[in-house]
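Given next are the chains, with one letter for each unit.
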Amino acid sequence: MIRHIFKTSTWHPTEREWLRAANTLSEPERERISQFMYKRDAKQSMAGRLMMRSCFAQLSGETPESFHLSRDESGKPYIVDPSPSLSSISFNVSHAGDYAAFAASTTAKIGVDVMKVELRRNTSVQQFFSHMKRQFTDFEWQKIRSPATDRGKLVNFYRHWCLKESYVKAIGTGLKFGLQRIQFDLGDLENGICRSTTVSVDGVLDLNWKFEEIFQDNHFVTIAMGNVEFSPEDRASVKLLNFSDLVVSEDPLSDKFYFASFDEKKELP
């Protein structure tokens, strides 16, 4: 099982780095990334694609740039004509706040979500929660609202949200699945990690699903895993990657305009 994160907010790519990264991707992937209005979003998308290809190369022994990726009707990426070593792979990518996150397994269904604990501008916690009322059960709202401080309430909110997102990504339905059908009973976060949270679906406890929650740097990273038991080696936490982990080839894309068009963008709205 592979669980990786990359901090995009502190990555300020040089021309050579960006062109080396771009040369690892296909032309449709590069075109999609170039459409983003802000650097933040382009970097997050680039990191997600690089993490995918790096993982596939690690598991198959092929080069990162050799894979042909496409998207299904729901927009989820998949490998076209995968090798036998990747034929059963389940993988998922997420990005928000300062991070991109990736998880993959050849033996379990996988979903991942990352969220930064923050309140939208010009709104209160109560206003924010009022817009999300239908997404959680009464039991979950009781847990979300239980801390005395707004900060504590937000932490519990985003923890629940990441759990729900990771689960519906793993089962392949996205948010079309009624989120009130899913109810989480939170385990204890110990040193920023929890592996004891459980899920009930339509009121029935489902012990076939395991969840790994990591809280660090004011972000939750949550991985949902179907039909899996934690082995000793899986108990290692997610790995924080750097650029050299993502891009092996030293050959840059020859089109320097691809970097120039990225570099002229603003970082954030």
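Placed above this text is the structure.
Report on the accompanying structure. Every value quoted in this text rests on a predicted model; they were computed, and no experiment measured them.

A closer look at the sheet that holds strand S6 (residues 109-116)
- The strand order across the open sheet formed by four strands is S6-S12-S11-S8, and the pairing between neighbours is antiparallel. At either margin of the open sheet sits one strand with a lone partner, and together these are S6 and strand S8 (193-194).
- Pairing of strand S11 (residues 209-216) with strand S12 (residues 219-226) involves eight bridges; the strand directions are antiparallel. Pairing of Gln216 across the sheet is with His219, part of S12.
- Relative to S6, helix H6 (residues 150-171) is tilted by about 150°, and along the sheet it contacts S6, S8, S11 and S12.

Overview of the sheet that holds strand S1 (residues 2-7)
- What the four strands build is an open sheet, ordered S4-S5-S1-S13; its pairing is mixed. Looking at which strands have only one partner, the edges of the open sheet turn out to be strand S4 (90-96) and strand S13 (239-241). Here the strands of the sheet are splayed against their neighbours by 20° on average, with no regard to which way each runs.
- Inspection of the sheet shows S1 paired to S13 by three bridges, in the parallel sense. Pairing of His4 across the sheet is with Lys239, part of S13.
- In the packing of helix H3 (residues 39-60) onto the sheet, contacts are made with S1, S4, strand S5 (99-105) and S13, and the angle to S5 comes to roughly 25°.

Some details on the nonpolar core
- Formed by 35 residues in total, the largest nonpolar core has its most connected members in Trp18, Met46 and Phe56.
- Those elements that place two or more of their residues in this core are S1, helix H1 (15-24), H3, S5, helix H7 (243-246) and helix H8 (257-263).
- Counting residues per element, this core draws most heavily on H3, at nine residues.
- Residues contacting Met46, with those up to four places away along its chain left out, are Trp11, Trp18, Ala21, Ala22, Leu25, Ile33 and Tyr258.

Focus on the packing of aromatic side chains
- Scanning the model with the defined rule gives 21 aromatic pairs in all.
- Ring centres of Phe6 and Trp11 lie 5.5 Å apart, and the angle between their planes is 80°; on these two criteria the pair is classed as edge-to-face. The burial state of Phe6 is the same as that of Trp11; both residues are buried.
- An angle of 40° between the planes, with centres 5.7 Å apart, marks the rings of Trp11 and Trp18 as tilted.
- Residue classification places Trp11 among the buried residues on the basis of a relative accessible area of 7%.
- On the basis of relative accessible area, Trp18 is assigned to the buried category, the value being 1%.
- In textbook terms, an aromatic cluster arises when at least three aromatic residues are bridged by ring pairs, as seen for Phe128, Phe129, Phe136, Trp141, Phe157, Tyr158 and Trp161.

Rules used throughout
Residues numbered from 1 in each chain as written. Predicted model: local features only at pLDDT ≥ 70, side-chain atom pairs only at ≥ 80, totals over all residues. Heavy atoms only, no water. Pairing = 2+ DSSP bridges. Helix = DSSP H or I, 4+ residues; strand = E, 2+ residues; numbered from the N terminus. Contact = heavy atoms within 4.5 Å. Axes fitted to C-alpha atoms, helices over the stretch in contact; angles between N-to-C directions. Core = buried A, V, L, I, M, F, W, Y, C linked by side-chain atoms within 4.5 Å. Buried < 20%, exposed > 50% of the residue type's maximum accessible area, 1.4 Å probe, protein only. Phe/Tyr/Trp six-rings, centres within 6.5 Å; stacked < 30°, edge-to-face > 60°.

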